[in-house]
Amino acid sequence: MGDRLHDTAAWRRHSHRHPCRRRPAGPRQRCHRPGRGDRPADEPGGQAMTVRLRVAPSPTGDPHVGTAYMSLFNLAFVRQQGGQFVLRIEDTDRARFQADSEQQVFDMLAWLGLQWDEGPDKGGPYAPYRQSERLDTYTPYVEQLLAQGNAYHCWCTPARLQQMREDQQARKVPTGYDRLCVGKTREQRAELPGCSDVPVVRMLVPDDAPLSFVDLIRGQVNAPRPDDQVILKADGFPTYHLAVVVDDHLMGITHVVRGEEWISSTPKHVLLYDWLGWERPAFAHMPLLRNVDKSKISKRKNPAARLTWFVEQGYLPEALLNFLGLLGYSLPSGEEIFSFAEMSASFDWTRVNTVGPVFDLDKLGWLNGHYLRALAPEDLQARLIPFLRAAGLYDDSAAHRSLLAGAGPLIQTRMAVLSECVDLLRFLFVTDREFVVQDAAREKSLGDAGPVLLALAEALAPLEEWTTASVQTAMDAALIDRLGLKRGKAYAPVRAAVCGSLISPPLPESMALLGQQRVLARLRAAL
RNA sequence: GCCCCCGUCGUCUAGCGGCCUAGGACGCCGCCCUCUCACGGCGGUAGCGGCGGUUCGAAUCCGCUCGGGGGUACCA
């Protein structure tokens, strides 16, 4: 594989942060990492290596927001370095596999504009990119490990293993496989209880297994001593640990970027790299996105854990991306509104935080509003249509198109998410038969509004020109000048009668769009 | 239970031993604008988990403690 952009180079490049404080006690070595801008010479041989990163989701349900989060950071680095980004589907868990999940992953990443260079759908020099299609690539390595004495067969039944763990917990000792099967032939093992027919293959983890590694984000990290991890399941599928190492190596992955939850299994992976004689990639463990209660973000506790939720709610992909970039990360400039290109240009692993950020929708709503307001009128309309259509309000007729063109600008500052357009614009698109005045609006604004509505109807009926200006002029003349009302007081009942709600887009504009006939009909209906 | 990771306003963050009586953003509160709701403008609220060290000086370094999280699977 030659020289990759290895740990130290990438590590040295940043790192004013993470002083030696996380190094284990013992003989203290002084950190001597240069500060920012003090870049080391290029790669050995004067040739910059191409970085290759990957995201490897499991198709086990709705695409997870964590996949987008990881992809964003992977890609920010890849594009900065001019490398490649690989999408690999890790479908070794047959029990949780869901057929349509993979396509949803493609769709969601594409929606976000996170484009991968190689993957199951677009192929590439290291195809196939689905682990289930790579089954025979793993077996030689299992054989090798077995032959080298780094792995062994284990016939223990799940029941026995569970019993064993319970005993260990009861005795307050670390849980782990007790190596009953080590050094035994199938026949020898069969004489003992809890023996199954089909064996699995386990790693024989040595006592001196390396437990610490350098992390691009955290510096030196210590991880727990691994158990004798199963690498080949009874069903013939490799476990994640074997598959990820083999695939990452074979696919030339230079930087393994994944969630913090993987820190504890990194020693297993390091061991496999070493046993197989492969160069280790650089590791970066991202902080975990959290629910409001600080637990690892889950679909159960947080609707936003499902990527499709953002589409359903009407978040803009650019806003979600920006928001994700703000979680656990900040630009050197301090700017909080930024594009992917801006993030990528200044990207720096050491600026990634080690604390898991709470995924809080408030700020996303604000950001989304910001991007919403920046949309060109036609763009906004196009994005609104699916929501209006789904609500049964929009049929794409010329009349509807024209209404929408007029209404878009009126609600552009009034939405945090696109789906809110439905409630905001219902009064405009709803048929006369279906139009209703909400109870709250009726009670609050229509109680004694008869004279006001009547006066207005009389003033508007003869109007020959029906525009925002003419409506407003006539309305103000009738209600403010003649009846002596304040505008706020005067408009409230009109709003209720015409829009059916306590809140609405600006009234004269709304009435102009609605049209004279419908306005008059609603005013009279409210009398 | 055992192992590992992490601890700055409610939330996202800046901070890299003196520039910190800790800065910004979201949220919240108030005021302005105003036909409602928003947008926009202005102002305010609120934080270094605790205790010990090191140092002339600590949010920044060290230790302990407390708290949170993750892992502990023939899931990923």
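With 13 residues, helix α5 (residues 158–170) extends 18 Å between its outermost C-alpha atoms, agreeing within 8% with the 18 Å of an ideal straight helix rising 1.5 Å per residue. All of the buried residues along α5 are Arg160, Leu161, Met164 and Gln168. For α5, the arc enclosing every buried residue in end-on projection is 100°, short of the 170-degree limit, so these residues lie on one face. Residues of α5 that are exposed and angled more than 90 degrees away from the buried face: Pro158, Ala159, Gln169 and Ala170.

Taking burial as the measure, the eight residues of helix α20 (residues 507–514) include six buried ones, the bulk of the element. Elements in contact with the buried residues of α20: α14 (398–411), α15 (421–429), α17 (450–460), α18 (468–482), α19 (487–499) and α21 (516–525). Where α20 ends, the next residue or the one after it, glycine 515, has phi of about 100°, a positive value.

The step from alanine 127 to proline 128 runs through a cis peptide bond, and the omega angle for that step is 0°. In this structure, lysine 172 is a non-glycine residue whose phi angle is positive, near 60°. Structurally, the position occupied by lysine 172 is in the loop between α5 and α6 (186–190). Given a relative accessible area of 76%, lysine 172 falls into the exposed group. The residue arginine 179 is not glycine, and still its phi comes out positive at about 65°. One can find arginine 179 in the loop between α5 and α6.

Left-over empty space is what a probe sized like a water molecule reveals as it rolls over the atoms. Here the largest pocket defines a volume of roughly 960 Å³. Taken together, 35 residues form the lining of the largest pocket, with Pro57, Ser58, Thr67, Glu261 and Trp262 sitting closest to its centre. Residue assignment for the lining of the largest pocket shows that the elements contributing at least two residues are β1 (52–55), α2 (65–81), α3 (101–111) and β8 (255–259). Looking at the lining of the largest pocket, the element that brings in the most residues is α2, giving five residues. Broken down by class, the residue content of the lining of the largest pocket amounts to 14 nonpolar, eleven polar and ten charged.

For strand β9 (residues 282–286), the buried fraction is high: five of the five residues fall into the buried class. Here β9 shows two buried faces, one formed by Ala282, Ala284 and Met286 and the other by Phe283 and His285. Judged from the five bridges that link them, β8 and β9 form a sheet pairing that is parallel. Across the sheet, residue valine 257 finds its bridge partner in β9, namely alanine 284.

A separate point is the packing of aromatic side chains. Under the counting rule described, the total for this entry stands at 18 aromatic pairs. Residues phenylalanine 213 and phenylalanine 283 carry aromatic rings whose centres are separated by 5.7 Å and whose planes lie at 70° to one another, so their mutual orientation is edge-to-face. With phenylalanine 213 in strand β5 (residues 212–215) and phenylalanine 283 in strand β9, this pair connects stretches of sequence that are 70 residues apart. Members of the aromatic cluster, joined through ring pairs, are Tyr69, Phe73, Phe77, Tyr329, Phe347 and Trp349. The ring of tryptophan 116 has lysine 122 lying over it, and the distance from NZ or CZ to the ring centre is 5.3 Å.

Let us now look at the sheet that holds strand β3 (residues 151–156). Spatial strand order, β3-β4-β7: three strands in an open sheet with antiparallel pairing. Both outer strands of the open sheet, β3 and β7 (230–232), are each paired with one neighbouring strand and no more. The mean angle between the axes of side-by-side strands here comes to 55°, regardless of whether they run parallel or antiparallel. As paired strands, strand β4 (residues 195–203) and β7 are joined by two bridges and run antiparallel to one another. Opposite arginine 202, over in β7, you have valine 230 as the bridge partner. Here helix α4 (residues 135–148) sits on the sheet in contact with β3, β4 and β7, set at roughly 100° to β3.

Turning next to the side chain of aspartate 348. As for its position among the elements, aspartate 348 is in the loop between α11 (340–345) and α12 (361–373). By relative accessible area, aspartate 348 is classed as buried at 7%. A distance of 2.8 Å separates polar atoms of two side chains, one belonging to aspartate 348 and the other to threonine 350.

To continue, consider the pairing of β8. Counting buried residues in β8 gives five out of five residues, a clear majority hidden from the surface. Viewed along the sheet, the connection from β8 through helix α8 (residues 266–275) into β9 turns out right-handed.

Evaluated as defined, the whole model comprises 27 salt bridges. Between lysine 363 and glutamate 336 there is a salt bridge, with the nearest N and O atoms lying 3.1 Å from each other. Pair noted here: lysine 363 is in helix α12 and glutamate 336 is in the loop between α10 (317–326) and α11, with a separation of 27 residues, a long-range link. When its relative accessible area of 35% is taken as the criterion, glutamate 336 is described as partly exposed. For aspartate 432, the salt bridge is made with arginine 522, and the minimal N-O distance between the two is 3.9 Å. With a gap of 90 residues between them, aspartate 432 in the loop between α15 and α16 (439–445) and arginine 522 in helix α21 connect regions that are remote in the sequence. With relative accessibility at 48%, the residue aspartate 432 sits in the partly exposed group.

Our focus in this paragraph is the packing of α17 against α18. Orientation of α17 relative to α18, taken along the N-to-C sense of each, is 135°, at an axis distance of 9 Å. The pairing of α17 with α18 is recorded here as oblique in orientation. Crossing handedness for the pair α17 and α18: right-handed. Here Val452, Ala455, Leu456, Ala459 and Leu460 of α17 lie close against α18, whose contacting residues are Val471, Ala474, Met475, Ala478 and Leu479. The residue makeup of the contact of α17 with α18, split by class, is ten nonpolar, no polar and no charged.

With that out of the way, let us pick up the nonpolar core. Phe73, Phe310, Trp349, Phe359, Val494, Met511 and Leu523 are the most contacted members of the largest nonpolar core, which totals 111 residues. Other than its neighbours up to four places away in sequence, phenylalanine 359 contacts Val65, Leu289, Arg290, Ile297, Asn302, Ala304, Phe310, Leu320, Phe323, Leu324 and Leu327.

Moving on: the environment of arginine 290. Mapped onto the fold, arginine 290 is located in the loop between β9 and α9 (307–313). Judged by its relative accessible area of 21%, arginine 290 is partly exposed.

Conventions and cut-offs
Residues numbered from 1 in each chain as written. Chains lettered and ligands numbered in written order. Predicted model: local features only at pLDDT ≥ 70, side-chain atom pairs only at ≥ 80, totals over all residues. Heavy atoms only, no water. Helix = DSSP H or I, 4+ residues; strand = E, 2+ residues; numbered from the N terminus. Expected span 1.5 Å × (residues − 1). Buried < 20%, exposed > 50% of the residue type's maximum accessible area, 1.4 Å probe, protein only. Arc of directions from axis to C-beta. Contact = heavy atoms within 4.5 Å. 1 Å grid on protein atoms, 1.4 Å probe; cavity = no way out; pocket = protein on both sides within 12 Å on 5 of 7 lines; lining within 4 Å. Points joined across faces, edges and corners; volume = space filled by probe spheres on them. Nonpolar A, V, L, I, M, F, W, Y, C, P; charged D, E, K, R; others polar. Pairing = 2+ DSSP bridges. Phe/Tyr/Trp six-rings, centres within 6.5 Å; stacked < 30°, edge-to-face > 60°. Lys NZ or Arg CZ within 6 Å of the ring centre and 35° of its normal. Axes fitted to C-alpha atoms, helices over the stretch in contact; angles between N-to-C directions. Polar contact = N/O pair within 3.5 Å; in protein donor to acceptor, adjacent residues only side chain to side chain. Right-handed = clockwise from strand over helix to strand, strands pointing away. Salt bridge = Lys/Arg side-chain N within 4 Å of Asp/Glu carboxyl O. Parallel < 35°, antiparallel > 145°, perpendicular 65-115°, else oblique. Left-handed = near helix turned anticlockwise from the far one by under 90°. Core = buried A, V, L, I, M, F, W, Y, C linked by side-chain atoms within 4.5 Å.

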